[in-house]
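Chain residues, written in single-letter form:
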Amino acid sequence: MSDQLQTKKLGDPNVADVILGQSPPSSTYNDKSDGLPFFQGKADFGLLYPVPRMWCNSGQKFAKRGDILMSVRAPVGDVNIATDKCVIGRGVAAIRASSNIDPWFLYFALLHSKPTLEARATGSTFASVNKATLHDLEIPFVTRNEQTVIGSLLKQLILKIEQENHSLDTTTSLKQATMRKLFTRGLYGEAQKETEIGLMPESWGIDILGSRHNVVSGGTPSRNNPSYWTGGTIPWVKTTEVNYRTITATEEHITPQGLENSAAKMLPVGTLMMAMYGQGVTRGKVAILGIEAACNQACAAITPKDDVILPRYLYHFLSWRYEAIRSLAHGGQQQNLNLEIVRDLSVVFPKSKKEQEEIVTILDAFDCKIALHKQKRAVLEELFKSLLHKLMTGEIHVSELNLAALSPNEATV
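So, here is what we can say about the structure in this document. Being a predicted model, the structure only gives us computed values, none of them experimental. (Residues numbered from 1 in each chain as written. Predicted model: local features only at pLDDT ≥ 70, side-chain atom pairs only at ≥ 80, totals over all residues. Heavy atoms only, no water.)

## Some points on the sheet that holds strand 2 (residues 16-20)
In step 1: Reading across the sheet, the 4 strands line up as 2-10-7-8 and stay open at both edges, with antiparallel pairing between neighbours. Of all the strands in the sheet, the pair left with one neighbour each is strand 2 and strand 8 (76-81). Taken pair by pair, the neighbouring strands of this sheet meet at an average axis angle of 25 degrees, ignoring direction.
In step 2: Note: strand 2 against strand 10 (residues 92-97), 5 bridges, orientation antiparallel. (Pairing = 2+ DSSP bridges. Helix = DSSP H or I, 4+ residues; strand = E, 2+ residues; numbered from the N terminus. Axes fitted to C-alpha atoms, helices over the stretch in contact; angles between N-to-C directions.)

Spelled out as structure tokens, the structure:
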């Protein structure tokens, strides 16, 4: 923190009142909206405001509307704003700003303090911070006018990020609904027929993926041989990079020697990739190669044998079938797909290339809009992160900022 920036402790009466939560008896809370919202920790937090999952009709510790809610127990330091009176459990502290400090400024000061609190947390099983630790936390303290400007600016950035999140969710949901309609009804409102994977337009064809596509996996050059990796120039795709996008760069590269002495093989631009392994949501995702590359053994590389099914049509169709494809995985502790499963996937498709192309055009437009929202969100998040750090450490002063982008209404809380 800058030497020029004054600080005060959070427990100073001129800064805030700190109220630690206390868990009520389990018999007093419910999921039926009976009583006040009951917040127990980070799991209840949203981007700015908590989302009730439980309610309590006999709480012992409460937060008021506008109080800052802080997670004080595994994880430590996350913050939200209470939208109304609520019950707080022992995983939450309510921090009530004094009349001398702008509540939104205090909120962002606490958000910036998360790494400090994490470092001071104690406990072998669940890291936590106590009231003394919170009271001793140093908070930057500038003039009230400066607090208001800083709080308002950072709040507007958060709200813009939230807006992009909402737009992204809406566009993604609309794309899902559109895919469901396109792949079951087509574009021309024709009669439907029942197939092994559900309804499809009567004139469409159905085939297994492997009958019209080559499906192979890659390999991993030995990590024990530096000549296979050091100075490598051949892009090498891992499952974590197969994530509904065009792959134009990879984290790792292999050498020609690594390619020659492993099961890895060069794949042409336009190859459709599917992640066969992976915990969480990775398994079953697809992507398209925008570069020549090799891949590891956990990826299936799919290339057409003929021109009956357009590659981008297949990409969108497999994206739509994501959940169904994931359900086919088998194995022991880690459920995986394999080449046989991928080759045996059923694919429905318009026999008309024109209809395939029109479907691709519609869904590509959704993808472009989704990518734009993600890009805008990433830019806003980076700007917020940078400004939060610089304003809370005194690296920059509010007088140095150009606030012309804020309307008069946005300049105040």
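## So, the packing of helix 7 (residues 311-320) against helix 10 (residues 353-393)
In step 1: Look at helix 7 against helix 10: their axes get within 9 Å of each other, and the N-to-C directions meet at 60 degrees. Taken as axis vectors, helix 7 and helix 10 run oblique relative to one another. Every pair of crossing elements has a handedness; the one defined by helix 7 and helix 10 is left-handed. On helix 10, the residues touching Arg312, Tyr313, Tyr315 and His316 of helix 7 are Gln356, Ile359, Val360, Leu363, Asp364 and Asp367.
In step 2: In terms of residue class, the contact of helix 7 with helix 10 is built from 5 nonpolar, 2 polar and 3 charged. (Parallel < 35°, antiparallel > 145°, perpendicular 65-115°, else oblique. Left-handed = near helix turned anticlockwise from the far one by under 90°. Contact = heavy atoms within 4.5 Å. Nonpolar A, V, L, I, M, F, W, Y, C, P; charged D, E, K, R; others polar.)

## Points about helix 1 (residues 103-112)
In step 1: The buried fraction of helix 1 amounts to 7 of the 10 residues, a majority that puts the element mostly inside the structure.
In step 2: Along helix 1, the residues that are buried comprise Trp104, Phe105, Leu106, Tyr107, Phe108, Ala109 and Leu110.
In step 3: Here helix 1 starts with a cap whose side-chain oxygen sits 3.0 Å from the backbone nitrogen of Trp104, and that cap is Asp102. (Buried < 20%, exposed > 50% of the residue type's maximum accessible area, 1.4 Å probe, protein only. Polar contact = N/O pair within 3.5 Å; in protein donor to acceptor, adjacent residues only side chain to side chain.)

## Digging into the packing of helix 4 (residues 144-185) against helix 10
In step 1: Put simply, helix 4 and helix 10 touch, their axes get as near as 9 Å, and they point 165 degrees apart. Here helix 10 runs roughly antiparallel to helix 4, going by the angle between their axes. Here the hand of the crossing between helix 4 and helix 10 comes out left-handed.
In step 2: Broken down by class, the residue content of the contact of helix 4 with helix 10 amounts to 23 nonpolar, 6 polar and 9 charged.

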